[in-house]
Amino acid sequence: MNPKLREKTLESLSAVLPITGIVLLISVFIVPISLAAIVMFLAGAVLLIFGMGFFQLGAEMAMTPIGEGIGVQISKTKNVLAVLLIGFVMGVIITVSEPDLQVLARQVPSVPDLALILTVAVGVGLFLAVAILRIRYGIELSRLLILLYAVLIVLSFLVPRDFLAVAFDSGGVTTGPMTVPFIMALGIGLASVRSGKNAASDSFGLVALSSVGPILAVLLLGCFFKPTEAAYSLGEVAKVFTTRDVVRVFALELPAYGGEVLISLFPIAAVFVLFQWFTRRYQKRQIKRIAVGMIYTLIGLVLFLCGVNVGFAPVGTFLGAELASLRYNWVLVPIGMLIGYYIVKAEPAIQVLNHQVENVTDGAISVKVMNRSMSIGVAVSIGLAMLRILLNIPIYWILVPGYIIALVMSLFVPKIFVGIAFDSGGVASGPMTSTFLLPLSIGTCRALGGNLMTDAFGVVALVALTPLIAIQIMGVVYRMKTAKLEKAAVLHPGLTADSDEIIDLEQEAAV
């Protein structure tokens, strides 16, 4: 096996094992699960591990260099209208190819799938263009986010209540495994041309602004459509009796996911071919590497989506329904938090973001620190989501105060943490959220007789919210500790800012 692929696969193994272990423990001590379901779940976990390994390597080899190359080229373009057009078109193409958006669109029956997908894609395209302009002209991210979210909060009170959760969920699902590697790399490419102290922090924020666009677009769409109860078909675990049955079930599903991913990758491949045709940016060796990376990405996403949808999602729905039916169904809250803590590490786009954060900050913000902060944030999200379903709490009561807290904090933390935090919110709500946690919420909601549109939907939005606060808290702690370091350097002139002691302390502060 390719050493790099082995490394990525081992990373995936360490991410998937905890959530697999939690489900197995629940099946032994709380909710009995049939052996057939457990075998399907474990088979899905194996596909998930290898799929994440291939995908992460593919994104590193293909998506990152393509995104960075286009970002650098845009920065050199002097025609502002051309820059806006390129940003808009790239946003639309990448969003239409996002598998998570297809999943969400199928769950909103009163709005045609194509209408919802195109609305979200246009929203992402417009705001990706805005994000590019922000980097180009050095506009402060926190003030722009405050303005945009103020508009969202006001508009949210004017649309039908049943549409609110779907609108905020759409902002989360658009930043999935296809869009995040490309948009993150695009930001790095745009910022790399600029010089100055804010160049690193400006490379973040594209995902954050790209998440605002679809929320705003879908809220506006809500003025014309009134969604009814979601026609969600509860996924059932496939009935298998032998190992051959297990292999046959997955083998029958693989071609369908292969077709979906091929359709998703085609526009990106076409953009790369056109970009190379006009700019001649990449050498033959780089072109070959990107082509191999595309193949790895294809294999990885097919294995990942098949494993998650066939093996993980049905078990999630079953667990939600069974746990909600217990006399002590409050146990859903701590179990949801535990699952949320570990499941975020299995999101493929999260690992892409964390590694890029570590690279851009020269290791000051490590992958380990990012993982811990994201896990805590998502754990709180899922706990709130379960509590909201059990107590029938309106999503307004959580989203509005949550975003106000996050936006106020953005004025007091280092700029780089603002971009990372708001990017993290969008990235955290990926395929694992939409295909395991959403079914868990739907199973719980159905068992309690709740309204899917107002109660079950919204879990993606909550997962996108709490990392904003968690990462910025890390930024506040970092600022306080580095201030102490600067004070110590003044009191002890021998301890210079370039000395090993200061560097060690700074890294400690980041942790």
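### Things to note about the overall build of the chain
The helix and strand inventory of the chain stands at 21 helices and 0 strands. Taking all 511 residues of the chain together, 58% fall into the buried category. Considering only intrachain contacts with a sequence separation of at least 6, the fraction spanning at least 24 residues in the chain is 87%. In the form shown here, the chain has an accessible surface area of approximately 20,700 Å², with 67% of it arising from carbon and sulfur atoms.

### Overview of the confidence of the model for the chain
Summing up the model confidence of the chain, the mean pLDDT is 82 and the portion of residues at 70 or higher is 88%. When mean pLDDT is taken per element in the chain, helix α16 (residues 396–409) scores highest with 91 and helix α21 (residues 500–510) scores lowest with 43. A low-confidence stretch, residues 496–511 (pLDDT under 50), is modelled with 18 contacts involving residues beyond four sequence positions or located in other chains.

### Details of the packing of helix α7 (residues 161–173) against helix α20 (residues 459–491)
Two quantities define a packed helix pair, namely the angle between the helix axes and the distance between the axes. In contact at an axis separation of 7 Å, α7 and α20 are set at 60° when each is read in the N-to-C sense. In terms of their interaxial angle, α7 and α20 are classed as oblique. As for how α7 packs across α20, the hand of that crossing is left-handed. Between α7, through F168, D169, G172 and V173, and α20, the contact on the second element is made entirely by V459, V460 and A461. In the contact of α7 with α20, the residues fall into 5 nonpolar, 1 polar and 1 charged.

### Description of the packing of helix α13 (residues 332–343) against helix α15 (residues 367–391)
At a minimum axis distance of 7 Å, the contact between α13 and α15 shows a crossing angle of 150°. The orientation of α13 relative to α15 falls into the category roughly antiparallel. Between α13 and α15 lies a crossing of right-handed hand. For the pair formed by α13 and α15, the contact residues are L332, V333, G336, M337, G340 and Y341 on the first element and R372, S375, I376, V378, A379, V380, I382, G383, M386, L387 and L390 on the second. Residues of the contact of α13 with α15, tallied by class, amount to 12 nonpolar, 4 polar and 1 charged.

### Regarding the side chain of D169
Note that D169 resides in helix α7. Here G458 takes part through its backbone nitrogen, which lies 2.8 Å from a polar atom of the side chain of D169. At 2.8 Å, the side chain of D169 and the backbone nitrogen of A461 are in polar contact. With residues up to four places along the chain from it excluded, the contact list for D169 reads L104, F457, G458, V459, V460 and A461.

### Topic: the packing of aromatic side chains
Tallying each qualifying case throughout the model produces 9 aromatic pairs. Measuring from centroid to centroid gives 5.6 Å for F54 and Y296, while their planes differ by 55°, and the two rings are tilted. Within this pair, whereas F54 is found in helix α2 (residues 35–76), its partner Y296 is found in helix α12 (residues 284–325), the two being separated by 242 residues in sequence. According to the relative accessible area criterion, Y296 is buried, its value standing at 17%. Aromatic side chains F272 and Y282 sit 5.6 Å apart centroid to centroid with 45° between the ring planes, which places their arrangement in the tilted category. With F272 in helix α11 (residues 243–279) and Y282 in the loop between α11 and α12, this pair connects stretches of sequence that are 10 residues apart.

### Description of the pattern of salt bridges
Scanning the entire structure with this criterion turns up 4 salt bridges. Residue R143 is joined to E140 by a salt bridge in which the shortest nitrogen-to-oxygen separation is 3.5 Å. The class for R143 is exposed, based on a relative accessible area of 56%. Residue classification places E140 among the partly exposed residues on the basis of a relative accessible area of 30%. Taking the shortest distance from any N to any O, the salt bridge between D245 and R248 comes out at 2.8 Å. Here R248 and D245 lie together in helix α11, a separation of 3 residues that amounts to about one turn. Overall, the relative accessible area of 11% leaves D245 in the buried class. A single network of salt bridges, built from pairs that share partners, joins K4, K8 and E60.

### Focus on α12
Compared with an ideal rise of 1.5 Å per residue, which puts 42 residues at 62 Å, α12 spans 60 Å between its outermost C-alpha atoms and is within 8% of the ideal. Residue F312 marks the point of greatest curvature in α12, where the axis turns by about 40°; the proline P314 follows within four residues.

### Focus: a nonpolar patch on the surface
A contiguous nonpolar surface patch, about 370 Å² in accessible area, is contributed by I404, V408, L411 and F412. By the secondary structure assignment, F412 is in the loop between α16 and α17 (415–428). For F412, a relative accessible area of 54% puts it in the exposed group.

### Remarks on the nonpolar core
If you look at the biggest cluster of nonpolar residues, it comprises 168 residues, and the most contacted ones within it are I70, F312, I339 and F422. With residues near it in sequence (within four places) discarded, F422 still touches L145, Y149, A208, A406, L407, S410, L468 and Q472.

### Quick notes on unusual backbone geometry
We note that R280 has phi near 50°; this positive angle belongs to a residue other than glycine. Checked against the element boundaries, R280 lands in the loop between α11 and α12. With a phi angle near 55°, N392 is a residue other than glycine that sits in the positive phi range. Summarising the element assignment, N392 is placed in the loop between α15 and α16.

### Examining the environment of I382
By the element assignment, I382 lies in helix α15. Overall, I382 belongs to the buried group, its relative accessible area being 1%. Filtering out sequence-adjacent residues up to four positions away, I382 remains in contact with G336, M337, G340, L437, V459 and V463.

### Describing helix α6 (residues 141–156)
The terminal C-alpha atoms of α6, which comprises 16 residues, lie 22 Å apart, in line with the 22 Å expected from a rise of 1.5 Å per residue. What α6 keeps buried is the set L141, S142, L144, L145, L148, Y149, L152, I153, L155 and S156. Summarising the axial view, the buried residues of α6 lie within an arc of 160°, below the 170-degree limit, and thus occupy one face. Among the exposed residues of α6, those pointing more than 90 degrees away from its buried face are R143, L147 and V154. Taken together, the buried residues of α6 touch α5 (113–137), α7, α10 (206–221), α16 and α17.

Analysis parameters
Residues numbered from 1 in each chain as written. Predicted model: local features only at pLDDT ≥ 70, side-chain atom pairs only at ≥ 80, totals over all residues. Heavy atoms only, no water. Helix = DSSP H or I, 4+ residues; strand = E, 2+ residues; numbered from the N terminus. Buried < 20%, exposed > 50% of the residue type's maximum accessible area, 1.4 Å probe, protein only. Contact = heavy atoms within 4.5 Å. Areas by Shrake-Rupley, 256 points an atom, 1.4 Å probe, with all protein chains shown as cover. pLDDT = per-residue confidence, 0-100. Axes fitted to C-alpha atoms, helices over the stretch in contact; angles between N-to-C directions. Parallel < 35°, antiparallel > 145°, perpendicular 65-115°, else oblique. Left-handed = near helix turned anticlockwise from the far one by under 90°. Nonpolar A, V, L, I, M, F, W, Y, C, P; charged D, E, K, R; others polar. Polar contact = N/O pair within 3.5 Å; in protein donor to acceptor, adjacent residues only side chain to side chain. Phe/Tyr/Trp six-rings, centres within 6.5 Å; stacked < 30°, edge-to-face > 60°. Salt bridge = Lys/Arg side-chain N within 4 Å of Asp/Glu carboxyl O. Expected span 1.5 Å × (residues − 1). Bend = angle between axes of the 7 residues up to and from the residue. Patch = residues over 30% accessible without salt bridge, like charges linked within 9 Å, V, L, I, M, F, W, Y side chains within 5 Å. Core = buried A, V, L, I, M, F, W, Y, C linked by side-chain atoms within 4.5 Å. Arc of directions from axis to C-beta.

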